[in-house]
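# Understanding the architecture of this molecule
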Amino acid sequence: MSATALRPGMPAAAASARPRRPRQVLRTLVSVLVVLVIAASFWGVDLSWSSIAQAPASLLHIAHLMFGPPNWSQLPEALGATMLSVAMAWFGTVLGIVISFPLSLLATRGLLPGVVRWPVRAIFAVLRAVPEVVIAVLMLSVTGLTAFTGALAIAIGSIGTLGKWGFETFEAVDRGAIEAATAAGGSRVQVMRWGVWPAAQPEVLAFWLYRFEVSVRASAILGLIGAGGIGKMLVDNTQFRVWDTVGTLLIVVVVVTMIIDQLSGMVRQRIITGRWQLPLAARRGRRGSRGAGGLGGPADAAGPGAGGPGSGTGVEPNAGSDAGAAGILSETSAD
Amino acid sequence: MTRPAPVASTGPGAGQGGGRDAVRAASPLRPVRPRTRWKSLVAVLVIAGITAWAAVTIQVDPADLVRNGGNAVNTLIQLVQPDYTFFPQTLDALGQTVQMAVIGTAIGVALSLPLSFLASRATNPDATSYRVVRFVMNVIRAVPDLLYASIFVTAIGVGALSGIVALVLFNLGIMVKLISEALDGVDRGGQEAALAAGGTWLKADRAAMLPEISPAFLSQTIYVLELNIRASTVLGLVGAGGLGMLIDKVRTFYEYHYLSLVIFEILALVIALDLLSSYVRGRIVR
């Protein structure tokens, strides 16, 4: 990814004397435009400047109220609410997997004709573009404010990403096994089962788990709009300004999210590499052997979004919306 | 599980190793299936157990869905008939969403650059600041953006400012992680040369490491802008400005004709940004 390497025409120019700086009209134009957009946003946004001046002080004050010290007596209740959120995330993810898996098979190139493939892909694209919270808002107004509704919203929200990662992984599978299965007279289903699935399985399992991590965050958010769990408890306490309880809740959210990420990361690592290792430990242990491409961590291997297994480093600016998935994947990966 | 292997194979891949040994022992023609079936069984049981627990905890009730099915159909019918006359009234909120995203990205990205250099072993020789920055960033990243927004709305007031502060924290978490990892992977030859020539770490990082990651940095900036647009459309649900506030307003009155227009706007915005972002990122790579 180095900027200086491989620039055709460079050596020829350098041979004469010092290379002339290429003219970068476009670059200048774009920079000016970007600065203008930022300036316009600052200028146009509806902010009361007095509140900005007060904000740091009031934030510090509230941080002091929250963490000095947090109200630990609410801890059991907070843990209970967290369990509800986690349950919501898990059930929603499982439901999403159950729905998206067959759909991603339908969307895989080479299995079914385009007539089937494109509509399914369009559904995935739309579902990915709608924020989960908006889906939840729609669901909540239909089925009411329950944790089950939250789980349904998570399920629908995860179909888009899961489906997309699914068919991309299936398509990235090495053709050899598929050809062999076809040559041996396998039906479509058999080709899928014996030619595609064994190769795709580790990655698919890994991103299912990764999606669960995302859902855990989503479930906390869904609570904010009424689906119950830790988010609801947090919003209730915030509204009544019970800051010391809010502090406890924040700590619980952070700790639980991190623990789940670590556990899930560990299982993903096991699935991809066959070794049990905590992601935190992996980071330290393999620092030396890390090359330019591999940024370590199981999430990298689990990044099917970025065109091809194992290439989803998240930093690789892969063209296409796929990079979004890759970026998100490493957003919460091995740390 | 008995293993016919004379060689005591331990550790990962033991199952396969056992299988290979068994091939030699049993039949020269067909490989014996490695015995991993019980492992899958355990995994499936564990997953089924957790799912059952989750279902009980959240009180899954499919009958509830059937009961409310008519409701859902009505809502859907209204949703597919957006009321376009509402459009002028959404423009302010739409603009605010974009403004929040742009400002949040600008501030967040600017702050994240120095922090990323502190958060990478490759550019920061000081173990203490490295650990502190990484830890703080991990904590920041663990809290979802809407949680930040809901706290800030109560702490510093309803409106765009809370949203912007929430977005800045959200951006810091993502950018610092991505960029510090990019720094970890960069070829450090230039930096070594700069250090050997007597430069300070600051100078070496600035002269040798910064140019190496600047394409990645730019590309991630655009990616983060895309995420911010997505996030800022919904931040308003908790009162932090933008389209979300409008969603909150119309959903309280069950005005689905309006709601669907807002959702269409979000879709259009997100997809437009998605296209722009992939185009620009594609150009940066090349």
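Per chain, the residues get numbers from 1 upward, laid out in the order the sequence is written. Starting at A for chains and at 1 for ligands, labels are handed out in the order in which the entities are written. Residues qualify for local features only when their pLDDT is at least 70, as the model is predicted, and side-chain atom pairs are given and counted only at 80 or more; totals for whole chains, interfaces and linings, by contrast, use all residues.

### Some details on the overall build of chain B
When helices and strands are tallied, chain B shows twelve helices and zero strands. Every one of the 286 residues in chain B was classed for burial, and the buried ones make up 44%. Whether two residues are in contact is decided by their C-beta atoms, placed from the backbone, lying within 7 Å. In chain B, once contacts between residues fewer than 6 apart in sequence are set aside, the share between residues at least 24 apart is 66%. Only DSSP runs of H or I with at least four residues qualify as helices, and only runs of E with at least two residues qualify as strands; both kinds are numbered from the N terminus onward. Counts of 20 or more other C-beta atoms within 10 Å of a residue's own C-beta define buried residues, counts of 12 or fewer define exposed ones, and intermediate counts define partly exposed ones; C-beta atoms are placed from the backbone.

### Quick look at helix H6 (residues 127–142) of chain B
The terminal C-alpha atoms of H6(B), which comprises 16 residues, lie 23 Å apart, in line with the 22 Å expected from a rise of 1.5 Å per residue. Every buried residue of H6(B) is listed here: B:Val133, B:Arg134, B:Met137, B:Arg141 and B:Ala142. The buried residues of H6(B) occupy an angular sector of 165 degrees when the element is viewed end-on, so they sit on one face. Of the exposed residues in H6(B), the ones pointing more than 90 degrees away from its buried face are B:Thr128, B:Ser129, B:Arg131 and B:Phe135. Along its buried surface, H6(B) packs onto helix H11 (243–273) of chain A together with helix H5 (87–118) and helix H8 (160–185) of chain B. Multiplying one less than the number of residues by 1.5 Å gives the expected span of a helix. Here, the arc refers to the directions that run from the helix axis to the C-beta atoms.

### A short note on H8(B)
Quick reminder: α-helices carry 3.6 residues per turn. Residues three or four places apart thus point the same way. Taking 1.5 Å of rise per residue, the 26 residues of H8(B) would be expected to cover 38 Å, and the 37 Å separating its terminal C-alpha atoms lies within 8% of that figure. Counting buried positions along H8(B) yields 25 of 26 residues, so the element is predominantly enclosed.

### Details of the packing of helix H7 (residues 145–156) of chain B against H8(B)
All names here are of chain B. Every axis in this analysis is a line fitted to C-alpha atoms, fitted for helices over the stretch in contact. Angles between the N-to-C directions lie between 0 and 180 degrees. Across the interface, H7 lies against H8 with an axial gap of 8 Å and an inter-helix angle of 140 degrees. Helix-helix and strand crossings are classified by hand; for H7 and H8 the assignment is right-handed. Along its contact with H7, which presents Asp145, Tyr148, Ala149, Phe152, Val153 and Ile156, the element H8 presents Leu161, Ser162, Gly163, Val165, Ala166, Leu167, Leu169 and Phe170. If you view the pair so one helix is near and one far, a crossing is left-handed when the near helix is turned anticlockwise from the far one by less than a right angle, and right-handed when it is turned clockwise.

### Observations concerning the interface of chain A and chain B
Opposite the 71 residues of chain A that make contact, chain B presents 77 residues. If you tally residues by element for the side of chain A that touches chain B, the top one is helix H4 (residues 75–106) of chain A, at seven residues. Amino acids outside the nonpolar list (Ala, Val, Leu, Ile, Met, Phe, Trp, Tyr, Cys, Pro) and the charged list (Asp, Glu, Lys, Arg) are all regarded as polar, and Gly is one of them. In terms of residue class, the side of chain A that touches chain B is built from 45 nonpolar, 18 polar and eight charged.

### Points about the packing of helix H9 (residues 188–227) of chain A against helix H10 (residues 230–239) of chain A
Two quantities define a packed helix pair, namely the angle between the axes and the distance from one axis to the other. Residues and elements named next belong to chain A. Following both chains from N to C, one finds H9 and H10 inclined at 55 degrees, their axes separated by 6 Å at the closest point. Relative to H10, H9 is oriented oblique. Seen from above, H9 lies across H10 with right-handed handedness. Counted together, Ala220, Ile221, Leu222, Gly223, Leu224 and Gly226 of H9 and Ile230, Gly231, Lys232, Leu234 and Val235 of H10 form the full contact between these two elements. Among the residues making up the contact of H9 with H10, the classes are represented as seven nonpolar, three polar and one charged. Each angle receives one of four descriptions, namely roughly parallel if under 35 degrees, roughly antiparallel if over 145, roughly perpendicular if within 65 to 115, and oblique otherwise.

### Description of the environment of B:Ile266
Within the fold, B:Ile266 resides in helix H12 (residues 256–285). Spatially, the C-alpha atoms of B:Ile266 and B:Ile229 are 8.9 Å apart, while their sequence positions differ by 37 residues. Discounting chain neighbours no more than four positions away, the residues touching B:Ile266 are A:Pro131, A:Val134, B:Thr233 and B:Leu243.

### Quick look at unusual backbone geometry
Glycine aside, residues mostly have negative phi angles, and peptide bonds mostly take the trans form. Going from A:Gly68 to A:Pro69, the amide bond is cis rather than trans, its omega being -15 degrees. Inspection of the secondary structure assignment puts A:Pro69 in the loop between helix H3 (49–67) and H4. Not every positive phi belongs to a glycine, and B:Gln59 is a case in point at roughly 55 degrees. By the element assignment, B:Gln59 lies in the loop between helix H2 (37–57) and helix H3 (62–67).

### Some thoughts on the environment of A:Phe124
Residues and elements named next belong to chain A. With respect to the helices and strands, Phe124 occurs in helix H5 (residues 114–129). Under the C-beta neighbour-count criterion, Phe124 is labelled buried, with 23 such atoms within 10 Å. Each C-alpha atom, one on Phe124 and one on Leu103, is 9.2 Å from the other, the two residues being 21 residues apart in sequence.

### Re the environment of A:Val130
Tracing the chain through its elements places A:Val130 in the loop between H5 and helix H6 (132–143). In the structure, A:Val130 is positioned 22 residues away from A:Leu152 in sequence and 15 Å away in space, judged by C-alpha atoms. Beyond its immediate chain neighbours, meaning those up to four positions away, A:Val130 contacts A:Ile135, B:Ile263 and B:Leu267.

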